[in-house]
Each structure stands twice: as C-alpha cells, then as structure tokens.
Amino acid sequence: QVQLVESGGGLVQPGGSLRLSCAASGRAFSTYAMGWFRQAPGKGREFVARIWWSTGYTNYADSVKGRFTISRDGAKNTVYLQMNSLKPEDAAVYYCAHDPNTLGYVYWGQGTQVTVSS
C-alpha cells in the first residue's frame, strides 16, 4: 500500500556530509511516524532516527546524536536524514521505514548504500 524510495547514498570521506531522502507514495495513506535504520556488513539492523509526523518530535541513537538530523516535508510525504561529520562506522545500507497508524514500521524501503572511506 505504501512504497518507499530512498535516495542520496554514495561515497564520502570521513568528516564529510550526505543527505538522504525517502519519499512515500501510495493510493491513500496516513503517516504517524517515519524513521531511519541502518545495517552494516555482518551486523544487525540498527535504529538511527525517528520523527513523529504531526509534531515533528525526533529521537536519535546516541551514536549519531549531534551529527545527524532527521526532518520531514509533510506536503511531499518525504523524510530526510542530514548526516554530518561522517565516520567510517557510519558506513551501512540505510533504510527508511513508515508507520501508518501507530502499529509499527510496517513499510520499508529497499535501502541506499552509504560508504565512508578515505
């Protein structure tokens, strides 16, 4: 019912910046919250950031707090992740997720690769 398309991934040097985008589309849907997760090779999925759609309230993993900023554009049904001061340990496939009605993240994007290397 909801399709999520991530974009903006790529290769950056340590200390660099990158902005990810995730656009949600469908016939008709509501949005309660959207979030970003990441998965590095050999590791499990890790929570990165979340934003509640109506209030704009945000929540971040301690590992990215102060460096990453999640934001939304309600008119475009799009969530962004601004990543600054990137570290090698930030390298992963980043996934956006959509929670339509408090039931949880039931819709997921296919991921976008972020590589941080010198």
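Just above sits the structure.
Parameters and conventions
Residues numbered from 1 in each chain as written. Predicted model: local features only at pLDDT ≥ 70, side-chain atom pairs only at ≥ 80, totals over all residues. Heavy atoms only, no water. Helix = DSSP H or I, 4+ residues; strand = E, 2+ residues; numbered from the N terminus. Buried < 20%, exposed > 50% of the residue type's maximum accessible area, 1.4 Å probe, protein only. Salt bridge = Lys/Arg side-chain N within 4 Å of Asp/Glu carboxyl O. Core = buried A, V, L, I, M, F, W, Y, C linked by side-chain atoms within 4.5 Å. Contact = heavy atoms within 4.5 Å. Disulfide = S-S within 2.5 Å. Phe/Tyr/Trp six-rings, centres within 6.5 Å; stacked < 30°, edge-to-face > 60°. Lys NZ or Arg CZ within 6 Å of the ring centre and 35° of its normal.

*Asks:* Would you take a moment to explain unusual backbone geometry for this structure?
*Replies:* Most peptide bonds adopt trans geometry, and most residues besides glycine take a negative phi value. Its identity is not glycine, yet Asn77 carries a phi of approximately 50°, on the positive side. Structurally, Asn77 is set in the loop between β7 (68-73) and β8 (78-83). Asn77 gets classed as partly exposed once you look at its relative accessible area, which sits at 25%. Although it is not a glycine, Ser85 adopts a positive phi angle of roughly 50°. Mapped onto the elements of the fold, Ser85 is located in the loop between β8 and β9 (92-99). For Ser85, a relative accessible area of 40% gives the class partly exposed.

*Asks:* When you look at the pattern of salt bridges in this model, what are you seeing that I'm missing?
*Replies:* Opposite charge on two side chains permits them to pair, given that their charged atoms come into close proximity. This model, assessed by the stated rule, comprises 4 salt bridges. A salt bridge links Arg38 to Glu46; the nearest nitrogen and oxygen atoms lie 2.8 Å apart. Using a relative accessible area of 28% as the deciding quantity, one classes Glu46 as partly exposed. For Arg38, the salt bridge goes to Asp90, with nearest N and O atoms at 2.9 Å. Here Asp90 lies in the loop between β8 and β9 and Arg38 lies in strand β4 (residues 33-39), a separation of 52 residues in the sequence. Residue Arg38 shares its accessibility class with Asp90, and that shared class is buried. Several salt bridges share partner residues, and in doing so they unite Arg38, Glu46, Arg67 and Asp90 into one network.

*Asks:* Is there a simple way to think about the nonpolar core in this case?
*Replies:* One finds Trp36, Leu81, Met83 and Tyr94 to be the most contacted residues of the largest nonpolar core, which totals 29 residues. Counting only elements with at least two residues in this core, the list comes to β1 (2-7), β3 (18-26), β4, β5 (46-52), β7, β8, β9 and β11 (112-116). Sort the elements by how many residues they give to this core and β3 lands first, with 4 residues. Dropping the residues within four chain positions of it, Met83 is found in contact with Gly16, Ser17, Leu18, Leu20, Arg67, Phe68, Tyr94 and Val114.

*Asks:* Looking at this structure, how should I read the state of the cysteines?
*Replies:* By definition, a disulfide is the covalent link that joins the sulfur atoms of two cysteine residues. In the structure shown here, the tally under the stated rule is 1 disulfide. Across the disulfide, Cys22 is cross-linked to Cys96 (sulfur-sulfur distance 1.8 Å). Measuring handedness by torsion sign, the sulfur bridge of Cys22 and Cys96 sits at about 50° and is right-handed. Placement of the pair is Cys22 in strand β3 and Cys96 in strand β9, with a sequence separation of 74 residues.

*Asks:* Help me out: how do you make sense of the packing of aromatic side chains in this one?
*Replies:* Tallied over the full model, the rule gives 5 aromatic pairs. Arranged with centres 5.0 Å apart and planes meeting at 55°, the rings of Phe37 and Trp108 form a pair that is tilted. Separated by 71 residues along the polypeptide, Phe37 in strand β4 and Trp108 in strand β10 (residues 107-108) bring together distant segments of the chain. Look at Trp108 and you get partly exposed, because its relative accessible area is 31%. Judged by centre distance (6.2 Å) and plane angle (65°), the ring pair of Tyr105 and Trp108 falls under edge-to-face. Look at Tyr105 and you get buried, because its relative accessible area is 19%. Against the face of Phe37 rests Arg45, its NZ or CZ located 5.1 Å from the ring centre.

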